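Architecture at a glance
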Amino acid sequence: MAGQVCFLLESSPHTFLLFQSESRPTDPTAEVEKQRSEWKNPLFSDRERYGEFHTLFPHLIKQPAKFVEYFGMNYETFKYILTGIDIVIKPKGMESNFEVCISPEERLALTLRFMSTGIAFRSLSFLFRISHCDISKIIYETCIAIWEQFVLKHMPYLTEELLEQTAKEYENIRRYPNCVATISSIQFCNKCPKNSDLDDSSSNKLYYINLQGLVDSKYKFLSVEAVTNEHQNEGSFFLESALYKHLEEGTFPFPGPRPLPGTATKHPYVVVGDQRYPLKEYLMRPYTSGSEKISPTIEAFNIRHNQAKEAADRAFGILVAKWKCLKTGLQMDQQHVDTLVTTACLLHNIIIDKEGVMDANMLPNSVSVTKSSRSSVTRSQCRLKNYNRASQEAHKIRDIFKTYFKYHY
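In this report, the structure presented in the accompanying data block is examined. (Residues numbered from 1 in each chain as written. Predicted model: local features only at pLDDT ≥ 70, side-chain atom pairs only at ≥ 80, totals over all residues. Heavy atoms only, no water.)

1. Thoughts on the overall build of the chain
Of the regular secondary structure elements, the chain holds 17 helices and eight strands. Evaluated residue by residue, the chain yields a buried proportion of 52% over its 409 residues. Contacts spanning at least 24 positions in sequence make up 73% of the contacts within the chain whose residues lie at least 6 apart. On the chain, roughly 19200 Å² of surface is accessible, and the fraction owed to carbon and sulfur atoms is 52%. (Helix = DSSP H or I, 4+ residues; strand = E, 2+ residues; numbered from the N terminus. Buried < 20%, exposed > 50% of the residue type's maximum accessible area, 1.4 Å probe, protein only. Contact = heavy atoms within 4.5 Å. Areas by Shrake-Rupley, 256 points an atom, 1.4 Å probe, with all protein chains shown as cover.)

2. Some remarks on helix H15 (residues 334-355)
The end-to-end C-alpha distance of H15, which contains 22 residues, comes to 32 Å, matching closely the 32 Å that a straight helix rising 1.5 Å per residue would cover. The buried fraction of H15 is high, at 20 of 22 residues. Just downstream of H15 lies Gly-356, where phi reads positive at about 90°. (Expected span 1.5 Å × (residues − 1).)

3. Re the packing of helix H8 (residues 104-117) against helix H9 (residues 121-128)
Where H8 contacts H9, the axes come no closer than 11 Å and their chain directions differ by 135°. Classified by the interaxial angle, the pair formed by H8 and H9 is oblique. Here the hand of the crossing between H8 and H9 comes out right-handed. Residues Glu-106, Leu-110, Arg-113 and Phe-114 of H8 lie in contact with H9, whose contacting residues are Phe-121, Leu-124 and Phe-128. Taken together, the residues of the contact of H8 with H9 break down into five nonpolar, no polar and two charged. (Axes fitted to C-alpha atoms, helices over the stretch in contact; angles between N-to-C directions. Parallel < 35°, antiparallel > 145°, perpendicular 65-115°, else oblique. Left-handed = near helix turned anticlockwise from the far one by under 90°. Nonpolar A, V, L, I, M, F, W, Y, C, P; charged D, E, K, R; others polar.)

4. Concerning the packing of aromatic side chains
Following the criterion strictly, the structure yields 24 aromatic pairs and no others. With 5.9 Å between their ring centres and 70° between their planes, Phe-57 and Phe-71 make a pair best called edge-to-face. One end of the pair, Phe-57, is in helix H4 (residues 52-61); the other, Phe-71, is in helix H5 (residues 64-71), and 14 residues separate them in sequence. Phe-57 gets classed as buried once you look at its relative accessible area, which sits at 5%. Where Tyr-176 meets Phe-401, the ring centres are 5.3 Å apart and the plane angle is 45°; that geometry is what we call tilted. Here the residue Tyr-176 occupies a position in the loop between helix H11 (160-174) and strand S2 (179-191), and Phe-401 occupies one in helix H17 (residues 392-407), the gap between them amounting to 225 residues. (Phe/Tyr/Trp six-rings, centres within 6.5 Å; stacked < 30°, edge-to-face > 60°.)

5. Comments concerning the pairing of strand S3 (residues 206-215)
One face of the sheet, then the other: side chains in a regular strand alternate in exactly this way. Across the ten residues that make up S3, a large majority, nine, are buried. Relative to S3, S2 runs antiparallel, the two sharing ten bridges. Residue Lys-191 lies in a different strand from S3, and its bridge partner there is Leu-206. (Pairing = 2+ DSSP bridges.)

6. A closer look at H17
Between its first and last C-alpha, H17 extends 23 Å over 16 residues, near the 22 Å set by a 1.5 Å rise per residue. Among the residues of H17, those classed as buried are Ala-394, Ile-397, Arg-398, Phe-401, Lys-402, Tyr-404 and Phe-405. One face of H17 carries all of its buried residues, which in axial projection span an arc of 165°. In this structure, H17 carries Gln-392 and Tyr-407 as exposed residues pointing more than 90 degrees from its buried face. Here the buried face of H17 lies against strand S6 (266-267), strand S7 (270-272), strand S8 (283-284) and helix H14 (296-322). (Arc of directions from axis to C-beta.)

7. Comments concerning the environment of Leu-110
Within the secondary structure layout, Leu-110 lies in helix H8. Through-space distance from the C-alpha of Leu-110 to that of Ser-125 is 10.0 Å; in sequence the pair is 15 residues apart. Setting aside residues no more than four positions away along its own chain, Leu-110 makes contact with Leu-124, Phe-128, Ile-130, Ile-135 and Ile-138.

8. Observations concerning the pattern of salt bridges
The full count for this structure, using the stated rule, is twelve salt bridges. With a closest N to O distance of 3.5 Å, Glu-69 and Lys-66 form a salt bridge. Here Glu-69 pairs with Lys-66, and both are found in helix H5, just three residues apart, close to one helical turn. In this structure Glu-69 comes out as exposed when scored by relative accessible area, which is 60%. As a salt-bridge pair, Glu-248 and Lys-280 come within 3.9 Å of each other at their nearest N and O atoms. (Salt bridge = Lys/Arg side-chain N within 4 Å of Asp/Glu carboxyl O.)

9. Notes on the side chain of Asn-302
Structurally, Asn-302 is set in helix H14. When neighbours within four sequence positions are excluded, Asn-302 is seen to be in contact with Pro-286, Tyr-287 and Ile-294.

10. Details of the nonpolar core
If you look at the biggest cluster of nonpolar residues, it comprises 64 residues, and the most contacted ones within it are Phe-71, Phe-78, Ile-81, Leu-211 and Trp-323. Apart from residues no more than four positions distant in its own chain, Trp-323 is found in contact with Phe-71, Met-73, Leu-112, Met-115, Ser-116, Ala-344, Leu-347, His-348 and Ile-351. By size, the runner-up hydrophobic cluster in this structure holds 19 residues, among which are Val-180, Tyr-269, Val-271 and Tyr-282. (Core = buried A, V, L, I, M, F, W, Y, C linked by side-chain atoms within 4.5 Å.)

Printed below as a string of structure tokens:
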């Protein structure tokens, strides 16, 4: 299994790397000749006259609603991102003469258009009048630049102070005290192209990307983790994740226990998840019909639990609806997929920070994507023995929440 972890803790180093793999030997002369033939192609040489960016972008700036429809963000957010990565993605003179002509503004526009539509690189090539080889390189480089320049500001390291603040927001907004985050995941598929840079056995093979994230009450991702494997069953994904390791080893930066409002006994902080996740001392899941008889008290707990968990469902729903490349079936080299997926999560946070969460209440179709993924994972996890076997202490913590919600509904 190969993957990329974007789970940030104050005590851990920045681990975002672009995976490198051994590629098949190529003839440098043949590559140069191929690029030269592309430069000479009138289809690409007329880019500044007929390319979509040069013909459409000036008009989109004058129509804010259409700009958002085209790029998934307003022009102010676009300029904010461009200012942060302009120097990083500006050609340094080492690229081809043709590529040097592509401005940072056009590179960002190309990247956002691909992410918001999922259009194949070859199709984008005809629209933007740029060769599909240059398009893939531009998109990957731009994604890396966005991550490196904005991650610390819009998806900062998890600390006790940060999680204490998110817990206050969950208590005030969703009436769930001592909840630092909600957790959920979703699965995407990727089919490596036939001319993939990976070995021959990986070409044209279908892979599955499991994306798991912690979400705050305002639909922002606190941390994300993307792992790729060849099997569709994601039932054991949480158990194999870096997040699970931190939670089990006690290195996750939970604030110290505090009493629930109106009580005197100190109670631990927790993460809230759905029925896919096990019941742990640090992780709450709803009561199910098979575990206990659904009494009014249990039903009240489940209602409050679902109100909190909705934040994660909506976050993933907005993510997939905004960046349609995640649900159209990716077709790219495997070492770049995790880069694209985690950058989409970061862009999601940037848009919320700059524009607010207006989209949160207008995406019913996106939420259904998360629900369909959740149902399939639930069936697979049922086959994992002992996965949901909880300790007595975990049951006790959940029962305290249940009693609290009974009298503070």
